[in-house]
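# Architecture and fold: a report
So you can see what is in the structure, the chains are spelled out below.
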Amino acid sequence: MNKPDMKVTIGSLTLQNPVMTASGTFGYGEEYAHFFDLSRLGAIVVKGISLAPRVGNRPPRIMETASGMLNAVGLQNVGVKAFIEEKLPFLRNVGIPVIANIFGATVDEYVRVAQELCEAGGVSALEVNISCPNVKHGGLAFGADPRSAAEVTAAVKGVSSLPVMVKLTPNVTDIRVIASAVEDAGADALSLINTLLGMSIDIAGKRPALRNVTGGLSGPAIKPVALRMVWQAVRSVSIPVVGLGGIATARDALEFFMVGARAVQVGTANFINPRATLEIIEGIEQYLLGEGMTSIDNLIGALITVED
Amino acid sequence: MREILFDQQVQILSNRFFLPGHCLMVLRAPLSYGSACPGQFIMLILPGRSVPFLPRPFCIYGLAEEPECVRLEILYRVTGEGTDSLSRLHEGDKIGLLGPLGRGFDIDPAAQRVVLVAGGMGIAPLMRLAQAYRFLLRDKEFPIICYLGAAAESHLIGRDRMEALRADLRLSTDDGSTGHRGFITELFAQDLPSYRDSNTMIYACGPLPMLKTLAHCMIGSGLSCQVSLEERMACGVGACLGCVVALSGEAPGIRYGRVCTEGPVFSLSEIDWSVQDE
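The shown structure was predicted, so the numbers you read here are calculated from the model rather than taken from an experiment.

### As for the packing of helix H1 (residues 80–94) of chain A against helix H2 (residues 107–120) of chain A
All names here are of chain A. Packing of H1 against H2 leaves a shortest axis separation of 11 Å and a crossing angle of 35 degrees. The two elements H1 and H2 meet at a crossing, and its hand is right-handed. Counting all contacts with H1, which are made through Val-80, Phe-83, Ile-84, Leu-88 and Arg-92, the residues of H2 involved are Val-113, Glu-116, Leu-117 and Ala-120.

### Here we look at the domain arrangement of chain B
Residue and element names in this part refer to chain B. By domain assignment, chain B separates into domain 1 (5–101) and domain 2 (113–275). A straight line from the C-alpha centre of domain 1 to that of domain 2 covers 22 Å. Contacts between domain 1 and domain 2 engage 22 residues on the former and 23 residues on the latter. For the pair domain 1 and domain 2, the summed buried surface comes to about 1,900 Å²; carbon and sulfur atoms form 68% of the total. Joining domain 1 to domain 2, the criterion identifies one salt bridge. The salt bridge involving Arg-161 is made with Glu-73; its shortest N-O contact spans 2.6 Å. Across the domain 1-domain 2 interface, the total number found is three residue pairs in polar contact (both at pLDDT 80 or more). Those elements that provide at least two residues to the side of domain 1 that touches domain 2 are strand E1 (5–19), strand E3 (41–45), strand E4 (56–59), strand E5 (62–65), strand E6 (70–77) and strand E7 (94–101). Looking at the side of domain 1 that touches domain 2, the element that brings in the most residues is E6, giving four residues. Its residues assigned to classes, the side of domain 1 that touches domain 2 shows 17 nonpolar, three polar and two charged.

### Focus on the sheet that holds strand E4 (residues 44–45) of chain A
Residues and elements named next belong to chain A. A sheet is described by the order of its strands in space; here eight strands give the open sequence E3-E16-E15-E10-E9-E8-E7-E4, paired in parallel fashion. Of all the strands in the sheet, the pair left with one neighbour each is strand E3 (19–21) and E4. One ladder, built from two bridges, connects strand E15 (residues 241–243) with strand E16 (residues 263–266); its direction is parallel. When the sheet's bridge partners are listed, Val-242 is paired in E16 with Ala-263. Packed on one face of the sheet, helix H6 (residues 223–236) meets strand E10 (189–192) and E15 and runs near 175 degrees to E15.

### Thoughts on the environment of Arg-207 of chain A
Residues and elements named next belong to chain A. Along the chain, the position of Arg-207 falls in strand E13 (residues 207–208). Judged by relative accessible area, which is 56%, Arg-207 ranks as exposed. For Arg-207, the contacting residues outside a window of four places in its chain are Ile-201 and Asp-202.

### Section: the packing of aromatic side chains
Tallied over the entire structure, the rule returns 11 aromatic pairs over all chains. Where Phe-26 of chain A meets Phe-36 of chain A, the ring centres are 6.4 Å apart and the plane angle is 45 degrees; that geometry is what we call tilted. Of this pair, Phe-26 of chain A sits in the loop between E3 and E4 while Phe-36 of chain A sits in the loop between E3 and E4, and the two are 10 residues apart along the sequence. Among the residues examined, Phe-36 of chain A registers a relative accessible area of 8% and is labelled buried. Put simply, the rings of Phe-26, Tyr-32, Phe-35 and Phe-36 of chain A pair up and form one aromatic cluster. Of note, Arg-103 of chain B hangs over the ring of Phe-266 of chain B, and the distance from its end group to the ring centre comes to 5.8 Å.

Calculation notes
- Residues numbered from 1 in each chain as written.
- Chains lettered and ligands numbered in written order.
- Predicted model: local features only at pLDDT ≥ 70, side-chain atom pairs only at ≥ 80, totals over all residues.
- Heavy atoms only, no water.
- Axes fitted to C-alpha atoms, helices over the stretch in contact; angles between N-to-C directions.
- Helix = DSSP H or I, 4+ residues; strand = E, 2+ residues; numbered from the N terminus.
- Left-handed = near helix turned anticlockwise from the far one by under 90°.
- Contact = heavy atoms within 4.5 Å.
- Domains from an automatic or database assignment.
- Buried area = accessible area lost by both parts, 1.4 Å probe.
- Salt bridge = Lys/Arg side-chain N within 4 Å of Asp/Glu carboxyl O.
- Polar contact = N/O pair within 3.5 Å; in protein donor to acceptor, adjacent residues only side chain to side chain.
- Nonpolar A, V, L, I, M, F, W, Y, C, P; charged D, E, K, R; others polar.
- Pairing = 2+ DSSP bridges.
- Buried < 20%, exposed > 50% of the residue type's maximum accessible area, 1.4 Å probe, protein only.
- Phe/Tyr/Trp six-rings, centres within 6.5 Å; stacked < 30°, edge-to-face > 60°.
- Lys NZ or Arg CZ within 6 Å of the ring centre and 35° of its normal.

Next up, the structure:
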């Protein structure tokens with residue numbers, strides 16, 4: 001039997017397969033080139049980029065938790081200029097779509113980063129981080145409120161020649177309201193979820209485990225929450241939804257496709273298994289073969305529910 | 001780009017407590033580990049996705065090349081759930097191995113004297129370094145002076161092995177059960193002025209307060225010292241930015257280096273000790 005067709009489209013962007021790396025967990029790609037041929041990925045989503053370089057938070061920045069980890073890196077990054085000059089040349093040569101994750105403290109900063117990346121060439125899409133809970137003056141305000149989420153989406157969309165995917169925070173009361181607001185503001189796609197705000201204490205020292213006190217929870221611990229939110233978002237919007245949150249195996253990814261995600265991102269799992277993305281791609285292919293499906297399209301939204 | 005291997009099925013050759021709470025694990029690593037530099041580290045990954053969830057970083061304590069493999073020795077203290085799980089593994093069990101990682105110690109082939117300052121488990125990377133010096137400069141006679149400090153005599157780890165490497169040992173214990181009663185940095189500071197007379201390479205590893213004291217001792221000595229640092233890590237390859245340490249520099253504001261990639265070995269003067277918390 002022939003290999004199943006793994007190709008998916010996210011708006012105007014075509015991916016050879018639906019597995020991407022999640023922002024902040026795969027560096028700028030180079031860090032993982034030791035372990036497998038990066039050109040086998042669906043896309044690489046790079047570490048979040050801001051207008052100016054950011055040094056990030058004081059350590060300790062990470063803490064292991066049950067089936068997951070907390071991080072409060074504080075969006076440390078080289079800034080858009082150094083990204084374009086020093087990191088993008090390597091990524092261009094990989095030969096697969098590069099998705100630039102962007103963030104800012106103001107709408108104007110988002111707009112300026114978006115403009116610079118659109119002009120640079122070699123970036124295939126933008127992922128707008130309106131969700132990162134780590135930085136006091138960062139994205140929280142945008143992603144937690146439908147009006148500000150819509151405002152930053154419309155502003156980036158207004159200057160961008162590239163497809164714009166908006167990454168949502170799970171730290172909201174109703175994800176459907178934010179998803180709809182972002183769609184109405186012109187987003188080409190959604191990705192969710194970002195990390196869940198959490199906390200851990202070092203009881204011996206009676207201190208927070210993280211210097212920043214709170215951090216973003218990721219890893220298998222958050223997968224059921226992510227899956228529920230992706231399911232809700234898919235039913236609320238008509239633009240493509242990319243699912244992420246705790247995906248570590250092909251089985252995990254299959255669940256997201258069944259609830260209607262058009263693609264998935266793999267994040268924290270890269271830390272435990274640098275070849276996790278590759279194993280997930282192969283696992284999805286094997287599942288499709290076993291089910292006699294000729295295309296990943298047969299699986300997307302294949303969830304069977306009984307309505308009472 | 002130096003090769004980094006990821007193998008999910010590395011065999012454990014032995015794993016045993018040699019002191020209460022202290023273990024030595026021997027792994028059957030691929031042959032390419034023979035070229036691992038002293039001071040480089042590895043990540044051990046337990047299968048499964050519950051606790052411990054993240055890989056754990058360990059420096060290489062000993063390394064022996066055999067015809068079909070490299071025997072890698074890892075020294076660890078059982079301090080939490082991760083190391084507790086590790087200590088329960090047996091000979092023949094499989095474990096994930098990522099490495100060799102990071103920037104190791106600089107070895108000077110023209111060194112006339114090698115000085116090691118170790119606090120407790122800090123002996124681990126320095127043992128491998130001493131081993132490498134004796135092997136690389138095997139045609140040369142030169143002193144290795146090892147300052148080794150611990151809580152008590154029974155915790156002076158690696159003492160016999162250092163003696164076998166013809167190291168001149170200077171000991172200290174917190175309780176005075178052997179050697180100098182007090183901190184190892186006190187012994188080292190007394191001798192430091194005498195190390196200016198020849199080409200001396202100084203290396204250290206130990207708890208943060210020890211390294212801070214050492215940094216203070218070294219000021220104005222005209223000598224440099226390489227230190228191996230430890231931090232919580234997730235990826236080990238420079239992606240997660242979890243393991244940063246504040247670096248010193250002329251420019252205003254804090255600048256961070258990743259212990260996993262810019263380190264774990266730094267020059268003592270590269271680190272901004274004023275912001276390091278205990």
